[in-house]
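# Structure assessment
Chain residues, written in single-letter form:
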Amino acid sequence: MREHFLHALAELEGQIRDMGNRVSLAVRDALWSLERNEPIFARQIIANDNVIDELRYQIETNALSVITRQQPMARDLRVVSMFLELASELERIGDYAEGIAELVIRCIELPALEQPPQIKTMALKAQAMLRDALDALHERDPQAAERLEHSDDEIDGLYREVLAWTFATMRSQPDYVERAMYYLWIAHNLERIADRTINIGERTSFIATGIIDKHRLRKDEADKPQA
């Protein structure tokens, strides 16, 4: 019985890794389409989001099957329940990548406006945070959340700079109000990707130690990806 459970758990973790890799690629590709103003690529990202959604559904179905059939004990149940949470976090990150791709498409028909340099920095940092979070999950690194929080503070600061840039641009260049607002929404999506990586790190810590810092978890705030 124990051997069957461990096999099912390994399959679940493999699905989480697959989903994490797909989400990481979606974020990378969305930012690539933004940098090159490439609508065809952006449309492909939007179309592929259904694959990520389906992976979450498969993980949830398999996790619930493990719980009902194997009836895991406390520590094992903790791991399975965290896999459910991780699938949710990854699916949301995929949604933010899709939101960025949709904004790239919206920008195509608008007057050209150079994006604030902070967005590029935010993009690089958010991608690095996601890679770090996924590596931490694989290695069961309990220190990941604390490490990621420092990077998130930097992204929050950059987001505030983009917000100030947006208001200044709207006042000084009224013809570019819509595109400036879209850049702000892109920055918002990047900021939320960073928040979700902290949640991945915190849940990884819970898998490793059984302790979770609820004050560190980023809440949904009932927000949707900006697009």
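Residues numbered from 1 in each chain as written. Predicted model: local features only at pLDDT ≥ 70, side-chain atom pairs only at ≥ 80, totals over all residues. Heavy atoms only, no water.

## Digging into the side chain of Q127
As a reminder of what qualifies: By definition, any uninterrupted DSSP run of H or I lasting at least four residues is a helix, any uninterrupted run of E lasting at least two residues is a strand, and each is numbered from the N terminus. Relative accessibility under 20% of the residue-type maximum defines a buried residue, over 50% an exposed one, and the middle range a partly exposed one, all with a 1.4 Å probe and only protein chains included. Note on contacts: a residue pair qualifies if any of its non-hydrogen atoms lie within 4.5 Å across the two residues.
In this structure, Q127 sits in helix α4 (residues 117-139). With relative accessibility at 15%, the residue Q127 sits in the buried group. When near neighbours in sequence (up to four residues on either side) are disregarded, Q127 contacts V27, R28 and L31.

## A short note on helix α2 (residues 39-70)
Just so we agree on the cut-off: In this scheme, a helix's expected span is set at 1.5 Å multiplied by one less than its residue total. Fitting one axis to the seven residues ending at a residue and another to the seven starting there, the bend at that residue is the angle between the two axes. Here a polar contact means two N or O atoms within 3.5 Å. Within protein one must be a hydrogen donor candidate and the other an acceptor candidate, and residues neighboring in sequence count only if both atoms are side-chain atoms.
Taking 1.5 Å of rise per residue, the 32 residues of α2 would be expected to cover 46 Å, and the 47 Å separating its terminal C-alpha atoms lies within 8% of that figure. The principal kink in α2, of about 25 degrees, is found at A47. Within α2 the residues assigned to the buried category are P39, A42, I45, D49, I52, L55, I59, A63, V66 and Q70. Here α2 starts with a cap whose side-chain oxygen sits 3.1 Å from the backbone nitrogen of I40, and that cap is E38.

## Things to note about the packing of aromatic side chains
Two measures describe an aromatic ring pair: the distance that separates the ring centres and the angle between the ring planes. Note the following rule: Planes of paired rings set the category: under 30 degrees apart is stacked, over 60 is edge-to-face and the rest tilted, where pairs are Phe, Tyr or Trp rings (Trp by its six-membered ring) whose centres lie within 6.5 Å.
If you walk through the whole model with that rule in mind, you get three aromatic pairs. Look at W32 and F41: their rings are 4.7 Å apart centre to centre, the planes differ by 55 degrees, and that puts the pair in the tilted class. According to the relative accessible area criterion, F41 is partly exposed, its value standing at 32%. Summarising the aromatic geometry, the rings of W165 and Y183 are spaced 6.1 Å apart at their centres and angled 50 degrees between planes, so their arrangement reads as tilted. Of this pair, W165 sits in helix α5 (residues 144-172) while Y183 is found in helix α6 (residues 177-209), placing the two residues 18 residues apart along the sequence.

## Notes on the pattern of salt bridges
As a reminder, the rule being used: Within this document, salt bridges are pairs made up of a side-chain nitrogen of Lys or Arg and a carboxyl oxygen of Asp or Glu, the two lying within 4 Å of each other.
For the structure on display, the rule yields 16 salt bridges. As a salt-bridge pair, R196 and E89 come within 3.0 Å of each other at their nearest N and O atoms. Taken together, the residues R196 in helix α6 and E89 in helix α3 (residues 74-107) connect sequence positions 107 residues apart. Considered together, R196 and E89 belong to a single accessibility category, that of buried residues. Look at the salt bridges and you will find they share partners, linking E85, E89, R196 and R203 into a network.

## Considerations on the nonpolar core
To be explicit about the condition: For this analysis, a nonpolar core means a set of buried residues of the types Ala, Val, Leu, Ile, Met, Phe, Trp, Tyr and Cys, connected via side-chain atoms within 4.5 Å.
The biggest cluster of nonpolar side chains holds 64 residues, and the ones touching the most others in it are I16, M19, F83, I119, I186, L190 and I193. Residue assignment for this core shows that the elements contributing at least two residues are α1 (2-36), α2, α3, α4, α5 and α6. No other element matches α3, which puts 15 residues into this core. With near-sequence residues (within four places) excluded, L190 lies in contact with L31, I100, I119, M122, A123 and A126.

## Observations concerning the UniProt feature "domain: PhoU" (unreviewed entry) in the chain
As a reminder of what qualifies: UniProt positions are given in the numbering used here, feature names are shortened, and annotations may be inferred rather than shown by experiment.
Residues annotated in UniProt with the feature "domain: PhoU" (unreviewed entry) correspond here to residues 16-104 and 119-204. Taken end to end, residues 16-104 is 94% helix and 0% strand, and its first and last C-alpha atoms sit 28 Å apart. With 91% helix and 0% strand, the stretch residues 119-204 has end C-alpha atoms that lie 28 Å from each other.

## Things to note about the environment of L64
Tracing the sequence through the fold places L64 in helix α2. On the accessibility criterion, L64 (48% relative accessible area) is partly exposed. Sequence separation between L64 and Q118 is 54 residues, and the spatial gap between their C-alpha atoms is 42 Å.

## A closer look at unusual backbone geometry
Phi at N37 takes a positive value of approximately 55 degrees, unusual for a residue other than glycine. Counting through the fold element by element, N37 comes out in the loop between α1 and α2. By relative accessible area, N37 is classed as partly exposed at 36%. In this model, R140 sits at a positive phi of 55 degrees, which is unusual for a non-glycine residue. By the element assignment, R140 lies in the loop between α4 and α5.

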